Amino acid sequence: MGFLEELRALFPPGRLLTKEAELAPYESDALTAYRKRPLAVVLPERKEEVVEAVRLCYRHGVPFVARGSGTSLSGGSLPVEGGLVLALNRMNRILRLDPKARIAVVEPGVVNLEVSRRAAPFGLYYAPDPSSQPISTLGGNVAFNSGGAHCLKYGMTANHVLALEVVTPKGEVVHLGGPSLEGVGPDLHGFFVGTEGLLGVALEITLRLLPKPEAYHTLLAAYGSLEAAGNAVSQVIQSGLLPGAMEIMDRLSIEAAEAAVKAGYPQVEALLIVELEGPKEEVEEEAKLLAQVIGESGATEVRIAQSEAERQAIWKGRKAAFSAVGRLSPDYLVQDGVVPRSRLGEALREIGRLSQAYGLRVANVFHAGDGNLHPLVLYDGKKLGELERAEELAGEILKLCVRLGGSLTGEHGIGVEKKGYMPEMFAPEDLLAMERVKEALDPKGLANRGKVLPGYGQSPHQGGLKTDLGELYA
Amino acid sequence: MPEIFPSSLEEVREAVRTHPRLRPKGGGSKPALSSPQEGETLLNLSGLRGILEYAPEEFVFTAYAGTPLKELEETLRAHGQYLPFHPPLVEQGATLGGTVAAGLSGPMRERFGGLRDFILGVRFVDGEGRVVRGGGKVVKNAAGFPFHRLMVGSLGAFGVMVELSFKVFPYPRATRTLRVGLAHTAEALAVLQDLRTLPLDLLALDLVPPATLEIRLGGFPESLEKRVQRLQSLLQREGEVLREDEAHWEGVRNLAFLEGSPIWVKVPSRLDLIPHLESLPLGPRRYLAGGDLLYAGLEPHGLKALRDGGIPHLVLRGAQEVLFPSPPEAFFAPIKRALDPKGRFPLG
């Protein structure tokens, strides 16, 4: 039997898509500049179906890409031309939520925010909060080690995944990790998180839940320059405080957010949001120290949320910033490079200079506490050469981040978009080690082929992988 | 037993290329993991020590793997910072690399997480003598395969760690400990269960069998009194308040309660597993992190009971078979093959 015939035996007609019109929605993810036509899309409802589909792919040597809601900003769930897409959104059951054990066991298609919603009656929540959390799925969060606004204090997805059931690219089912916060033996589930689907597909995910903080103290401070806001962040850190979140927005983002959701932000050069959280007595003391630090930081205006409604209002503008900036421009690229916190000022000055040099506007919204920048490069795809110029500018920003001692990506992942920049951050031996691990677990190069690793071509046997890389890096 | 003392990255590479089987050793505080077996050459990493980069305002440092934790913590403490996963066996000479290889955390992991939550990057020499870097030196990073996380608990299976980068946090300005005795284990477990789900931001939450809870709080001195009182009224017990609690917790994290036991083990635990664990012939012991982490001292029959009961554990001293169960073959073996094809390093 051919591949498609065998697929038909596994999936009923409504859950196997092969017609052009049916495939179209799966041709790209949130990085819409890239499109690829898959051979077929399947919609599994149970993990056994995923396993069977992966085994079928292995037997026939067909590349596959697992995807959830397709919110990847790095093209991480871009299909492989002629390959299979495993769309996992129907595997959206929370299999177990055990408040006593503080864990949730979920299928990969469960939406991030849904876990916190279901845990809320028990006073618990799931900490990682990527901006996409009302839509993005945990399978995707696991693949990309998603972050959010609270990573300095709480870490990323990898820190909140306790166990995984995974189907390897060869179709073997393995259980990694366990229900305890502690384990013995190599942290294989920790290693799987962030490998962007290159080493298999997560079938079940065990998450740790945290008690929801008792009290919040949310402060909004206005500054005359981005640098002054950046310096304020350093002063907060030097004071020994550990806020749950610190966010900065520049003038362009503030204006956009204001136009979109009327958050009531002052129209200034830079806004800093600082949020403290914890037991109420502790937050009270921390707030006093924060007031003193911000008072000495040259803020031109300070607002403190006096109610949950005011707190939500402060966050509303920040959370809407991306889509709001989108309204300022026909198209934009989002980068998410990281710099050491103390180099933020330097990075922002250089981004400003690059923006002028390329004649393209760049809006800055970023997680200042963890040095994770989110420059939005605005362009008009209908103007000849503007996309290319925007990509070049975005690339310059990535190189800048690496040069300053940071990373290409804080949370969006490498995907297809940034794999060409991997040699900027990693030495050939580092990348070859990744290639070797990939090859050992996925000898046919089927799982999310063409992502992350710059040496990986569309065919694993094209001229021999190692030879290609050897020459590339010679 | 042959033993070599590399003092540079280059010498580690040389050692790996010239010796067919190697057993890395840091401070030797976990002899079950660092004692060479038949045919192994001991790779003593105590010469690769020292902090390479430390920017307190970044909450990040990079140090050689052979750096003793004691040395490291002194430097951090001078800047009001600490390793929030609270590594054990510091007094006994534990090194950063050995702690990663064993995957060990201590009582204060309850507050912000364990070792796996603070490791940011690694530079290691793989089984072919190649230098590989994973992760980075910033607190947030999603680029490339996270080899640094693979090192946690690896027992050195994939390579010799040379440099490690970690996230650190400010040390609490003040601490207090509340010790509460309950009537019996079941009651202690019920209280433990309640405390785990409340937003109390506890630094440590330990169960000392049969029925004592030790609860540590950290924060501003002005708030601590109120928080201790709130805890007392929540528990409806006065308990015993330790205002000077540092020495006590140093003893706990150095596993002083295991002294005298021939076999030391780490057991990943859970609240619902504790009644079963308590029915086994275990020696002196303490459940850390709200019941999720057990360190126990055993006699040989206690170890046998763990193994017969299929309970995962890691032996730190006193037995040859250290890891139970073995890592899942279908995922572990290919990674091992990719990084250590000739099987120079421990495990597999």
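This one's a predicted model, so the numbers in the text were calculated from it and none came from an experiment.

## Regarding the overall build of chain A
- For chain A, the count of helices and strands is 16 helices and 18 strands.
- For 474 residues, the compact-globule estimate of 2.2 N^0.38 gives 23 Å, and chain A sits close to it at 23 Å.
- Projected onto its principal axes, the C-alpha coordinates of chain A cover approximately 70 × 55 × 40 Å.
- Taking all 474 residues of chain A together, 64% fall into the buried category.
- Just so you have it, chain A exposes about 16,500 Å², and 51% of that area is on carbon and sulfur atoms.
- Within chain A, the 60 negative side-chain charges are centred at a point lying 4 Å from the centre of the 50 positive side-chain charges.

## Here's the deal with unusual backbone geometry
- Along the chain, B:Pro209 connects to B:Pro210 via a cis peptide bond; the corresponding omega equals 5°.
- Position of B:Pro210 among the secondary structure elements: in the loop between strand 12 (204-208) and strand 13 (212-219).
- Cis peptide bonds are those with omega within 30 degrees of zero, and the linkage from B:Phe324 to B:Pro325 qualifies with -5°.
- One non-glycine residue, A:Asn145, lies in the positive phi region at around 50°.
- With respect to the helices and strands, A:Asn145 occurs in the loop between helix 5 (138-144) and helix 6 (151-154).
- You will see that B:Asp201, though not glycine, has its phi angle at about 50°, which is positive.
- Take B:Asp201: it is sitting in the loop between helix 7 (185-196) and strand 12.
- Judged by relative accessible area, B:Asp201 falls into the partly exposed class, the value being 23%.

## Overview of the sheet that holds strand 3 (residues 64-67) of chain A
Residues and elements named next belong to chain A.
- Taking strand neighbours across the sheet as the criterion, the four strands line up as 1-2-4-3 in an open arrangement whose pairing is mixed. Of all the strands in the sheet, just strand 1 (16-17) and strand 3 have a single pairing partner and so form its edges.
- Strands in contact with helix 1 (residues 3-10) are strand 1, strand 2 (40-42) and strand 4 (84-87); relative to strand 2, the strand with the most contacts, it is inclined by about 20°.
- Across the sheet, helix 3 (residues 47-60) lies against strand 3 and strand 4, angled at about 170° from strand 4, the strand it touches most.

## Notes on the interface of chain B and chain A
- Opposite the 76 residues of chain B that make contact, chain A presents 94 residues.
- For the pair chain B and chain A, the summed buried area comes to about 7,000 Å², and 60% of that belongs to carbon and sulfur atoms.
- Contact with chain A buries surface across chain B, with B:Lys140, B:Phe145 and B:Phe331 losing the most and accounting together for 14% of the total.
- Inspection of the chain B/chain A interface yields 10 salt bridges.
- With its nearest N and O atoms 4.0 Å apart, the salt bridge here joins B:Glu110 to A:Arg102.
- Counting across the interface, chain B meets chain A through 38 residue pairs in polar contact (both at pLDDT 80 or more).
- For the side of chain B that touches chain A, the element with the most residues is helix 12 (residues 329-339) of chain B, which contributes eight residues.

## Description of the pattern of salt bridges
All names here are of chain A.
- According to the stated counting rule, one finds 70 salt bridges over all chains in the structure shown.
- Note that Arg15 is salt-bridged to Glu49, the shortest N-O span being 2.9 Å. On the criterion of sequence distance, the pair formed by Arg15 in the loop between helix 1 and strand 1 and Glu49 in helix 3 is long-range, its members being 34 residues apart.
- Here Glu49 falls in the buried class, since its relative accessible area comes to 9%.
- In this structure, the salt-bridge partner of Glu27 is Arg37, at a minimum N-O distance of 2.4 Å. Of the two residues, Glu27 sits in the loop between helix 2 (20-23) and strand 2 while Arg37 sits in the loop between helix 2 and strand 2, which places them 10 residues apart along the sequence.
- Taken together, the salt bridges that share partners define one network made up of Arg15, Glu45, Arg46, Glu48, Glu49 and Arg90.

## Things to note about the domain arrangement of chain B
Residue and element names in this part refer to chain B.
- Domain boundaries assigned for chain B yield domain 1 (3-170), domain 2 (174-253) and domain 3 (256-324).
- Computed over C-alpha atoms only, the centres of domain 2 and domain 3 are separated by 23 Å.
- Contact residues are listed per partner, giving 15 residues for domain 2 and 14 residues for domain 3.
- Buried surface at the junction of domain 2 and domain 3, summed over both partners, amounts to about 1,100 Å²; 59% is from carbon and sulfur atoms.
- Counting the surface domain 2 buries against domain 3, the share from its top three residues, Leu189, Arg196 and Pro209, is 39%.
- Across the salt bridge formed by Arg286 and Glu214, the nearest N and O atoms sit 2.9 Å from each other.
- Here the element with the most residues in the side of domain 2 that touches domain 3 is helix 7; it accounts for five residues.
- Of the residues in the side of domain 2 that touches domain 3, the class split is eight nonpolar, four polar and three charged.

## Observations regarding the packing of helix 15 (residues 428-441) of chain A against helix 12 of chain B
- Here helix 15 of chain A crosses helix 12 of chain B at 140°, and the two axes come no closer than 8 Å. Our classification of the angle between helix 15 of chain A and helix 12 of chain B gives oblique. Seen along the crossing, helix 15 of chain A lies across helix 12 of chain B with a hand that is right-handed. Facing helix 15 of chain A, whose interface residues are A:Ala433, A:Arg436, A:Val437, A:Ala440 and A:Leu441, helix 12 of chain B presents B:Ala330, B:Phe331, B:Pro334, B:Ile335, B:Arg337, B:Ala338 and B:Leu339.
- Broken down by class, the residue content of the contact of helix 15 of chain A with helix 12 of chain B amounts to 10 nonpolar, no polar and two charged.

## Concerning the environment of B:Ile335
- Summarising the element assignment, B:Ile335 is placed in helix 12.
- Classification of B:Ile335 as buried rests on a relative accessible area of 0%.
- Sequence spacing of B:Ile335 and B:Asp201 is 134 residues, and the spatial spacing of their C-alpha atoms is 38 Å.
- Contact partners of B:Ile335, with chain neighbours within four places excluded, come to A:Leu188, A:Phe191, A:Val437, A:Leu441, B:Leu150 and B:Phe158.

## Let's talk about the nonpolar core
- A:Val437, B:Phe61, B:Phe147, B:Phe166, B:Phe331 and B:Ile335 are the most contacted members of the largest nonpolar core, which totals 194 residues.
- With eight residues, helix 13 (residues 386-403) of chain A is the single largest residue contributor to this core.
- In contact with B:Phe331, other than residues within four places in its own chain, are A:Thr168, A:Val174, A:Leu176, A:Leu188, A:Phe191, A:Phe192, A:Leu199 and A:Leu441.
- Counting residues in hydrophobic clusters, the runner-up holds 26 residues, among them A:Ala257, A:Val334, A:Val365 and A:Leu376.

## Quick notes on the pairing of strand 12 (residues 215-223) of chain A
Residues and elements named next belong to chain A.
- For strand 12, the tally of buried residues reaches eight of nine residues, placing the bulk of the element in the interior.
- Both strand 12 and strand 14 (residues 270-278) contribute to a ladder of nine bridges, which runs antiparallel. Residue Leu219 lies in a different strand from strand 14, and its bridge partner there is Val274.
- With four bridges joining them, strand 12 and strand 15 (residues 301-304) adopt antiparallel strand pairing. The residue of strand 15 that forms the bridge with Leu219 is Ile304.

## What to know about helix 13 of chain A
Residues and elements named next belong to chain A.
- In a regular helix each residue adds 1.5 Å, so 18 residues correspond to 26 Å; helix 13 covers 25 Å between its end C-alpha atoms and thus fits that length.
- Looking at helix 13, one finds that the buried residues are Glu386, Ala390, Leu393, Ala394, Gly395, Ile397, Leu398, Leu400, Cys401 and Val402.
- Looking at the buried side of helix 13, the elements it contacts are strand 16 (331-334), helix 12 (344-358), strand 17 (362-367), strand 18 (375-379) and helix 14 (422-425).
- With its phi angle positive at about 95°, Gly405 sits one or two positions after the end of helix 13.

Rules of the game
- Residues numbered from 1 in each chain as written.
- Chains lettered and ligands numbered in written order.
- Predicted model: local features only at pLDDT ≥ 70, side-chain atom pairs only at ≥ 80, totals over all residues.
- Heavy atoms only, no water.
- Helix = DSSP H or I, 4+ residues; strand = E, 2+ residues; numbered from the N terminus.
- Rg over C-alpha atoms; globule rule 2.2 N^0.38 Å.
- Buried < 20%, exposed > 50% of the residue type's maximum accessible area, 1.4 Å probe, protein only.
- Areas by Shrake-Rupley, 256 points an atom, 1.4 Å probe, with all protein chains shown as cover.
- Lys, Arg positive; Asp, Glu negative; His and termini not counted.
- Charge placed at Lys NZ, Arg CZ, Asp CG, Glu CD.
- Pairing = 2+ DSSP bridges.
- Contact = heavy atoms within 4.5 Å.
- Axes fitted to C-alpha atoms, helices over the stretch in contact; angles between N-to-C directions.
- Buried area = accessible area lost by both parts, 1.4 Å probe.
- Salt bridge = Lys/Arg side-chain N within 4 Å of Asp/Glu carboxyl O.
- Polar contact = N/O pair within 3.5 Å; in protein donor to acceptor, adjacent residues only side chain to side chain.
- Domains from an automatic or database assignment.
- Nonpolar A, V, L, I, M, F, W, Y, C, P; charged D, E, K, R; others polar.
- Parallel < 35°, antiparallel > 145°, perpendicular 65-115°, else oblique.
- Left-handed = near helix turned anticlockwise from the far one by under 90°.
- Core = buried A, V, L, I, M, F, W, Y, C linked by side-chain atoms within 4.5 Å.
- Expected span 1.5 Å × (residues − 1).

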